[in-house]
Amino acid sequence: MSASSPDPARASGVQVEVRLVKAGRTKIRYPASLVADDGAHVVVRAPWAAEGVRDFGFVRFEPGDVFTEHYWRDRWYAVKEVRTGDGILKGWYCDVTRPAVVSGRGPGELRYELLVEDLDLDLWASADGGTVLRLDEDEFEESGLAERDPVAADAARRALDELELLVRDGAFTTLLGRPLPS
């Protein structure tokens, strides 16, 4: 087991502060509970962290919703499984991000920070797999990332394409460790 992997028996007691930054500023910060960390893939669970309801038109995030969030230290995206408080799957919201950075984690520590930089591109996949939406491509183009950091911009575009392909090919949740519902 690597130093970045907590003992699985103790994972439920580890608290994680998730910090999502965008354009160098903290967009949101919230507490979560560690579900798993194998050294590359970190999974946390947290309730909907924003105030009130966020209605996107294709899905509503609201108090009581539970997010099981998958982050990777070596991939340019994060996948958030969204369920109602009583367990009904709404779908998956995918953020294109730089690889996640974990800090403040040492042997025996029960608290650390997960830092994720949002790169604007997003993907939504409904629970039944029937709706797959690429989101915020206009915001990405307006962000200036392609001019400031063309390598990151290219990685972001490839990550969005990869996520969409995984969803459309039915291999998406294999990434998360379980098959898509039939």
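Quick note: structure is the one above.
Quick summary incoming for the structure in this document.

**Overview of the nonpolar core**
The nonpolar side chains of soluble globular proteins are, as a tendency, buried together.
Working step 1: If you look at the biggest cluster of nonpolar residues, it comprises 26 residues, and the most contacted ones within it are Y77, V79, V96, L163 and F172.
Working step 2: When residues of this core are traced back to their parent elements, those giving at least two are β7 (77-83), β8 (89-97), β10 (111-126), α3 (150-168) and α4 (172-176).
Working step 3: Residue contributions to this core peak at eight residues, all from α3.

**As for the pattern of salt bridges**
Working step 1: Throughout the structure, instances matching the rule amount to 21 salt bridges.
Working step 2: Its salt-bridge partner being R60, residue D55 comes within 3.8 Å of it at the nearest N-O pair.
Working step 3: On the basis of relative accessible area, D55 is assigned to the partly exposed category, the value being 49%.
Working step 4: Overall, R60 belongs to the partly exposed group, its relative accessible area being 38%.
Working step 5: A salt bridge links R98 to E117; its shortest N-O distance comes to 2.8 Å.

**A closer look at the side chain of D95**
Working step 1: Along the chain, the position of D95 falls in strand β8.
Working step 2: Take D95: its relative accessible area is 5%, and that puts it in the buried class.
Working step 3: There is a polar contact of 2.7 Å between the side chain of D95 and the side chain of K80.
Working step 4: Every residue in contact with D95, bar those within four places of it in the chain, is listed here: W76, Y77, A78, K80, L121 and D122.

**A closer look at α3**
Working step 1: In this model α3 runs 27 Å from its N-terminal to its C-terminal C-alpha over 19 residues, within 8% of the 27 Å that 1.5 Å per residue would give.
Working step 2: Along α3, the residues classified as buried are A152, A153, A155, A156, A159, L160, L163, E164, L166 and V167.
Working step 3: Note on α3: the residue one or two positions beyond its end, G170, has a positive phi of about 80°.

Scoring rules and cut-offs
Note on numbering: residues in each chain are counted from 1, in written sequence order. Reporting in this predicted model follows two pLDDT cut-offs: at least 70 for local features of residues, and 80 or more for side-chain atom pairs to be given and counted; totals over whole chains, interfaces and linings ignore these cut-offs and use all residues. With hydrogens and water excluded, all non-hydrogen atoms of the structure serve as input to the side-chain values. We call a set of buried Ala, Val, Leu, Ile, Met, Phe, Trp, Tyr and Cys residues a nonpolar core when their side-chain atoms join them within 4.5 Å. In this scheme, a residue with accessible area under 20% of its type's maximum is buried, one over 50% is exposed, and one in between is partly exposed, where area comes from a 1.4 Å probe on protein chains only. Put simply, DSSP marks the helices as runs of H or I at least four residues long and the strands as runs of E at least two long, and each gets a number from the N terminus on. The term salt bridge refers to a side-chain nitrogen of Lys or Arg lying within 4 Å of a carboxyl oxygen of Asp or Glu. Here a polar contact is taken to be a pair of N or O atoms separated by no more than 3.5 Å, where protein atoms must pair a possible hydrogen donor with a possible acceptor and residues adjacent in sequence count only if both atoms sit in side chains. Only heavy atoms enter the contact rule, under which two residues are in contact if any of them lie within 4.5 Å. Each helix should span, by expectation, one fewer than its residue count multiplied by 1.5 Å.

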